[in-house]
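Each chain is listed here by its residues.
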Amino acid sequence: MKFDRTFESHLTNEWRQQYVNYEEMKTLLRTAVENMPNRRDKSVYEEYCLNFQDEYFAKLNSELMRVNEFFDYKMAEARRKHATLKVKLLYMKSRTSGQVVGAVRGLPPLADQPRNLRKLDRAYAEFYFSLVLLKNYQQLNYTCFQKLSDKCNKYFPSPNGFRWVQRTLDGTSLYVDVVELRDMIIEVEDIFTQYITDGDRAKAMEKLRVPPLTQPISTDYVFTAGLFMGLFIVSSVVCAISAYILFVSTNQVFIFTRMFRGSFSLMLYGFSLVGNVYVWQSVGINHVLIFDLNPRHQTVSIKLLSTASFFGYACVLAMLLFIHHKEFGVKDPLYFPLIGLVLPLVILLNPVHVMNFPARMGILKCFGRVLAAPFCYVSFADFWLADQLGSLVQCTVDYYYLIRFYMRYSMDRENTFDFEPDVVIAVLRCLPAWFRLAQCVKRYCDSKIKPVSYLVNAFAYASTIIVVVISTIQMETSCKYNSIFANPWTWVYIVSSLVSTIYCTAWDLLQDYGLFKIWKGKRIFLRNRLIYPKRLS
């Protein structure tokens with residue numbers, strides 16, 4: 001295997017921008033070789049080689065300085081983390097010894113000891129994983145610099161490359177600190193074996209095990225994603241044509257959209273989530289650290305695509321069965337939309353270890369913390385999920401309409417096909433805003449410095465709740481007036497909506513997105529440091 005492929009398959013996506021620009025250096029070398037003058041003109045040839053070597057090794061020094069700076073930062077971070085974990089372990093063991101003495105003296109035991117041990121177990125496992133990634137980072141970059149130096153010597157023979165490796169590369173912490181990093185990894189293994197697993201090294205290494213960095217994506221996921229994605233695309237084209245014919249020839253547009261709008265929205269959201277994860281991994285955004293995920297069970301975009309395409313194909317198939325129910329001999333097509341309602345719950349709550357089981361269980365745990373927002377610690381993942389519920393509020397409302405429809409349909413009520421709003425709709429629209437409001441207040445109360453930004457953010461969600469309440473009152477009282485603008489609550493609703501919209505939009509653009517902080521130059525209205533490349537900006 002060529003080193004290019006080895007380098008690409010071994011690198012850590014979250015640190016992609018911190019590696020040596022191997023392809024750029026190879027391109028620079030390849031261009032120099034192509035423009036090399038004829039060797040017969042010795043003086044011109046030698047001058048060209050000397051000038052290029054000066055330029056090449058200056059660029060190589062710049063790359064080495066950047067890579068070494070990041071490695072120094074990570075090593076310093078690892079030293080601090082290692083010292084902190086050892087202090088916590090020593091403190092916990094001292095409390096354990098005190099608990100034994102207290103038991104002899106008749107004192108009550110410490111109730112939180114098992115929970116603290118589990119936290120320390122996970123902390124050491126994550127720290128060990130980060131050390132292995134750092135070691136891999138060191139090895140890859142060091143090998144890259146050696147390869148680039150050798151390639152320069154191959155096309156421009158001189159002792160400069162060998163001297164650069166000995167005097168410059170081997171003098172940096174990228175080479176010097178490798179022994180310390182290796183000893184730190186061994187020490188973590190010994191500590192974990194002795195104190196966490198009570199001397200059982202096999203059990204310790206099983207918990208600390210790091211999956212192979214070159215482990216390919218399972219062909220099962222690739223096959224299922226390709227299969228269901230192909231079926232989804234073909235079915236979508238057929239469904240679009242069939243729906244157009246249905247809408248032209250019959251008057252079932254309203255019923256069709258009401259019955260399938262919720263599942264269609266959720267289907268689009270699933271594919272959008274796949275796109276997000278793919279972009280995060282492509283540009284090196286460390287979403288594993290941001291969302292506090294288990295780095296040993298990462299969910300790559302192809303796994304999510306297999307689930308999203310399966311759900312999308314099932315929803316489109318339900319639409320086709322609804323449209324062409326007569327061809328299939330089905331008398332009552334109104335039960336087909338149930339597929340889009342029941343299938344997401346089956347996928348999410350399925351206890352079988354298929355379809356991203358760790359990710360699904362993580363979502364359920366996170367959802368439980370969202371429901372209990374005022375009473376438990378709020379992490380970034382909880383913030384994110386509550387925001388997603390806000391984006392899916394119309395989808396949630398549509399699913400409620402669908403459930404209410406089937407309840408009325410089963411009782412054969414006259415208002416079965418009336419999709420009018422009620423009090424439950426107002427509650428459903430308020431819930432996501434309430435979750436975020438409670439989370440902001442909880443973060444403010446838990447913080448020692450009491451940042452005002454949490455309360456400012458909380459007001460944005462409070463304004464959303466106020467708008468929903470006023471809108472509900474306006475709809476309930478509209479029947480008392482001859483015109484909608486004769487109702488004073490209409491004007492209150494318009495004003496509150498404008499204030500809430502302007503306030504929330506300003507918060508999103510200025511605080512969440514960090515825009516409009518630069519007012520001149522090439523990055524006008526953007527940030528000082530851009531993560532996404534220009535083609536995605």
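You'll find the structure just up there.
Residues numbered from 1 in each chain as written. Predicted model: local features only at pLDDT ≥ 70, side-chain atom pairs only at ≥ 80, totals over all residues. Heavy atoms only, no water.

Student: Can you walk me through the packing of helix α10 (residues 253-283) against helix α16 (residues 393-410) in this structure?
Tutor: Packed helix pairs are characterised by how far apart their axes lie and by the angle those axes make with each other. Relative orientation of the contacting elements α10 and α16 amounts to 145°, with a least axis distance of 8 Å. The two elements α10 and α16 meet at a crossing, and its hand is left-handed. Across from Arg 258, Met 259, Arg 261, Gly 262, Ser 263, Ser 265 and Leu 266 in α10, the residues of α16 making contact are Gln 394, Cys 395, Asp 398, Tyr 399, Tyr 401, Leu 402, Phe 405 and Tyr 406. In the contact of α10 with α16, the residues fall into eight nonpolar, four polar and three charged. (Axes fitted to C-alpha atoms, helices over the stretch in contact; angles between N-to-C directions. Helix = DSSP H or I, 4+ residues; strand = E, 2+ residues; numbered from the N terminus. Left-handed = near helix turned anticlockwise from the far one by under 90°. Contact = heavy atoms within 4.5 Å. Nonpolar A, V, L, I, M, F, W, Y, C, P; charged D, E, K, R; others polar.)

Student: Explain the pattern of salt bridges to me, please; I cannot follow it from the model alone.
Tutor: Under the definition given, this model contains 15 salt bridges. Put simply, Lys 59 and Glu 24 hold a salt bridge, and the shortest N to O gap is 3.2 Å. Taken as a pair, Lys 59 in helix α3 (residues 42-105) and Glu 24 in helix α2 (residues 22-34) lie far apart in primary sequence, 35 residues in all. Residue classification places Lys 59 among the partly exposed positions, given a relative accessible area of 28%. Residue classification places Glu 24 among the partly exposed positions, given a relative accessible area of 40%. For the salt bridge of Lys 74 with Glu 77, the shortest nitrogen-to-oxygen distance reads 3.3 Å. Of this pair, Lys 74 and Glu 77 both sit in helix α3, separated by three residues, roughly a single helical turn. Owing to a relative accessible area of 31%, Glu 77 belongs among the partly exposed residues under this scheme. (Salt bridge = Lys/Arg side-chain N within 4 Å of Asp/Glu carboxyl O. Buried < 20%, exposed > 50% of the residue type's maximum accessible area, 1.4 Å probe, protein only.)

Student: Before we go on, may I ask you to explain empty space enclosed by the protein in this structure?
Tutor: Over the atoms rolls a probe the size of a water molecule, and in doing so it shows where empty space is left. Going through the model one piece at a time under the given rule, you end up with one cavity of 30 Å³ or more. Computed from the structure, the largest cavity encloses a volume of approximately 40 Å³. Where the lining of the largest cavity is concerned, the elements lending two or more residues are α10 and α16. Tallying contributions element by element places α10 first for the lining of the largest cavity, with five residues. Residue classes in the lining of the largest cavity are distributed as five nonpolar, two polar and two charged. (1 Å grid on protein atoms, 1.4 Å probe; cavity = no way out; pocket = protein on both sides within 12 Å on 5 of 7 lines; lining within 4 Å. Points joined across faces, edges and corners; volume = space filled by probe spheres on them.)

Student: Even after reading the chapter, I still don't get a nonpolar patch on the surface, so can you show me in this structure?
Tutor: A cluster of nonpolar side chains, namely Ile 233, Val 237, Ile 241, Tyr 244, Ile 245 and Val 248, defines an oily patch on the protein surface of about 640 Å² accessible area. Structurally, Val 237 can be placed in helix α9 (residues 219-249). (Patch = residues over 30% accessible without salt bridge, like charges linked within 9 Å, V, L, I, M, F, W, Y side chains within 5 Å. Areas by Shrake-Rupley, 256 points an atom, 1.4 Å probe, with all protein chains shown as cover.)

Student: Sorry, what's going on with the packing of α9 against α10 here?
Tutor: For the pair α9 and α10, interaxial distance at closest approach is 14 Å and the crossing angle is 155°. In this view, α9 runs roughly antiparallel relative to α10, as classed from their interaxial angle. The element α9 and its partner α10 pack so that their crossing is left-handed. Facing Met 229, Phe 232, Leu 246 and Phe 247 of α9, the residues of α10 in contact are Val 253, Phe 256, Met 267 and Phe 271. Class assignment for the residues of the contact of α9 with α10 results in eight nonpolar, no polar and no charged. (Parallel < 35°, antiparallel > 145°, perpendicular 65-115°, else oblique.)

Student: Mind showing me how you'd approach the packing of aromatic side chains here?
Tutor: Two aromatic rings are characterised by how far apart their centres lie and by the angle between their planes. What the rule picks out here adds up to 25 aromatic pairs. Seen from their ring centres, Phe 52 and Tyr 56 are 5.5 Å apart, and the 35° between their planes marks the pair as tilted. One end of the pair is Phe 52 and the other is Tyr 56, both in helix α3 and four residues apart, which spans about a single turn. For the residue pair Phe 52 and Tyr 56, the accessibility class agrees, reading buried in each case. Ring pairing ties together the aromatic residues Phe 254, Tyr 335, Tyr 400, Tyr 401, Phe 405, Tyr 406, Tyr 409, Phe 417 and Phe 419, which thus form one cluster. (Phe/Tyr/Trp six-rings, centres within 6.5 Å; stacked < 30°, edge-to-face > 60°.)

Student: Which parts of the structure should I look at to understand the side chain of Glu 189?
Tutor: Positionally, Glu 189 belongs in helix α7 (residues 178-196). Under the relative-accessibility criterion, Glu 189 is labelled buried at 11%. The contacts of Glu 189, once residues within four sequence positions are left out, are Tyr 128, Arg 201, Met 205 and Leu 208.

Student: When you look at the environment of Leu 338 in this model, what are you seeing that I'm missing?
Tutor: Structurally, Leu 338 is set in helix α13 (residues 338-349). Separated by 23 residues in sequence, Leu 338 and Cys 315 have C-alpha atoms that sit 9.6 Å apart. Beyond its immediate stretch of four places on either side in the chain, Leu 338 contacts Leu 343 and Tyr 406.

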